[in-house]
Amino acid sequence: MAQTTIDLLNQGIKANQMDKFRRANLVCLPAQGSLVVTGDIHGHRRNFERIVAHADLAHHEDRHVVLQEIIHGGPEDHAGGCLSYQLLFEAIRYKVEFPDRVHMIMGNHDTACINSSEVMKNGKEMNRAMCSALDREFAGASTEVKLAIRQFLFSQPLAVRCENRTWISHSLPADRFADTFDPEIFDRELQVGDCVRPGSAYLLTWGRRHSQETLDKLAQRLDVDLFLLGHQAQPKGWRQAGDNLIILASDHNHGCLLELDLAKTYTADRLAESPLHLASVA
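Residues numbered from 1 in each chain as written. Predicted model: local features only at pLDDT ≥ 70, side-chain atom pairs only at ≥ 80, totals over all residues. Heavy atoms only, no water.

S.K.: Explanation requested: a negative patch on the surface in the structure shown.
M.R.: On the surface, Asp 175, Glu 213, Asp 216, Asp 243, Asp 269 and Glu 273 cluster together into a patch of negative charge. Inspection of the secondary structure puts Asp 216 in helix H8 (residues 212-222). Exposure remark for Asp 216: the relative accessible area of 41% places this residue in the partly exposed category. (Patch = residues over 30% accessible without salt bridge, like charges linked within 9 Å, V, L, I, M, F, W, Y side chains within 5 Å. Areas by Shrake-Rupley, 256 points an atom, 1.4 Å probe, with all protein chains shown as cover. Salt bridge = Lys/Arg side-chain N within 4 Å of Asp/Glu carboxyl O. Lys, Arg positive; Asp, Glu negative; His and termini not counted. Charge placed at Lys NZ, Arg CZ, Asp CG, Glu CD. Helix = DSSP H or I, 4+ residues; strand = E, 2+ residues; numbered from the N terminus. Buried < 20%, exposed > 50% of the residue type's maximum accessible area, 1.4 Å probe, protein only.)

S.K.: How should unusual backbone geometry be read in this particular structure?
M.R.: Most peptide bonds take the trans configuration, and most residues that are not glycine carry a negative phi. Following Arg 197, the chain continues into Pro 198 via a peptide bond in cis, with omega recorded as 5°. Inspection of the secondary structure puts Pro 198 in the loop between strand S9 (166-169) and helix H7 (200-206). Although it is not a glycine, Asn 122 sits at a positive phi angle of roughly 55°. Within the element layout of this structure, Asn 122 appears in the loop between strand S6 (120-121) and strand S7 (124-125). Its identity is not glycine, yet Arg 165 carries a phi of approximately 75°, on the positive side. Examined against the element boundaries, Arg 165 turns out to sit in the loop between strand S8 (159-162) and S9.

S.K.: Quick question: what am I supposed to make of the pairing of strand S12 (residues 245-248) here?
M.R.: If a strand is regular, its side chains alternate between the two faces of the sheet. Burial along S12 is two-sided: Leu 245 and Ile 247 and Ile 246 and Leu 248, pointing in opposite directions, are all buried. As defined by bridge partners, strand S10 (residues 226-229) adjoins S12 across 3 bridges and the pair is classed as parallel. Directly across from Phe 227, in S12, lies its bridge partner Leu 245. Sheet topology note: the strand S11 (residues 238-242)/S12 ladder contains 4 bridges and is antiparallel. From the neighbouring strand, Gln 240 faces S12, where its bridge partner is Ile 246. Hairpin connection, S11 to S12: the antiparallel pair is bridged by 2 residues. (Pairing = 2+ DSSP bridges.)

S.K.: Got a minute to help me understand the packing of aromatic side chains in this structure?
M.R.: How two aromatic rings sit relative to each other is given by the distance of their centres and the angle of their planes. Applying the stated criterion to the full structure yields 7 aromatic pairs. Seen in terms of ring centroids, Trp 167 and Phe 186 are 5.0 Å apart; in terms of plane orientation they differ by 80°. Their pairing is edge-to-face. Of this pair, Trp 167 sits in strand S9 while Phe 186 sits in the loop between S9 and H7, and the two are 19 residues apart along the sequence. Just as Trp 167 is buried, Phe 186 falls in that class too. (Phe/Tyr/Trp six-rings, centres within 6.5 Å; stacked < 30°, edge-to-face > 60°.)

S.K.: Is there a simple way to explain helix H6 (residues 142-154) in this structure?
M.R.: Residues spaced three or four apart along an α-helix face the same direction, because each turn holds 3.6 residues. In this model, H6 (13 residues) spans 18 Å end to end at C-alpha, consistent with the 18 Å of a helix rising 1.5 Å per residue. When we look at burial in H6, the residues that qualify are Ser 142, Val 145, Lys 146, Ala 148, Ile 149, Phe 152 and Leu 153. Mapping the buried residues of H6 onto a view down its axis gives an arc of 160°, with all of them on the same face. Those residues of H6 hidden inside the fold are in contact with helix H1 (2-18), helix H3 (84-97), strand S5 (102-105), helix H4 (108-114) and helix H5 (126-138). (Expected span 1.5 Å × (residues − 1). Arc of directions from axis to C-beta. Contact = heavy atoms within 4.5 Å.)

S.K.: Honestly, the packing of helix H2 (residues 45-55) against H3 in this entry has me stumped. Any pointers?
M.R.: When two helices pack together, their arrangement is given by the angle between the helix axes and by the axis-to-axis distance. Orientation of H2 relative to H3, taken along the N-to-C sense of each, is 10°, at an axis distance of 11 Å. Put simply, H2 runs roughly parallel to H3. The segment H2 lies against H3, with Arg 45, Phe 48, Val 52 and Ala 55 engaging Gln 86, Leu 87, Glu 90, Ala 91 and Tyr 94. Looking at side-chain class alone, the contact of H2 with H3 contains 6 nonpolar, 1 polar and 2 charged residues. (Axes fitted to C-alpha atoms, helices over the stretch in contact; angles between N-to-C directions. Parallel < 35°, antiparallel > 145°, perpendicular 65-115°, else oblique. Nonpolar A, V, L, I, M, F, W, Y, C, P; charged D, E, K, R; others polar.)

Here it is in structure tokens:
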């Protein structure tokens, strides 16, 4: 079973690297087709299933899906270990099935897993909780499985840029790091050190509570008009958090997604009219 899992993770790495829309650490989508954007999933299997059902990629050949933050949350084993890696494996199978249309972007829990640093959620250190569950499930092969998981997470792109000037990433650098953040990280080979504070992948995935001034500054630097992010908890599933920012969450019963026509341009005000609550998806 361990080797089958490692093989799957390696297939996922290859799919991430060979995505035909990938340019270095960005996925660049054209002005055609549609895009389903989700927020953090954190082990919520039912919402993942709803996302897959709504996207229905088998019957929509020009539709894309952006997933983020699959790990850390959801079901636990008998000893309190985090089983979210099982949903990660399902998401990777989805990516492998539709390698150029499912795009999994890096989140802050991913960077924490990559560099084996502590990350808290609901009062629990999640890396330790997930590693302990992996040790129980894979026993003597758990070291190899954990390494393959880290390698898969590291292979993910950092963001999605759409030709319609929409940008999707897990987060953005916080106000105090906006000037020191290096946007060249999107165009060069990613290093593990980039995922450690104060590396630019770390800053990109950990920022919170962005001022409008910072949002406008980053929009100008990245040459985009609209940001769609995850990372920050949203009890209602979404929130318009600026003139050009919508934050999504897909990890609870009020979780949401957004669907965009890639041939059209959008404002945050316009998208604020159309979040889809995942509970409404059969």
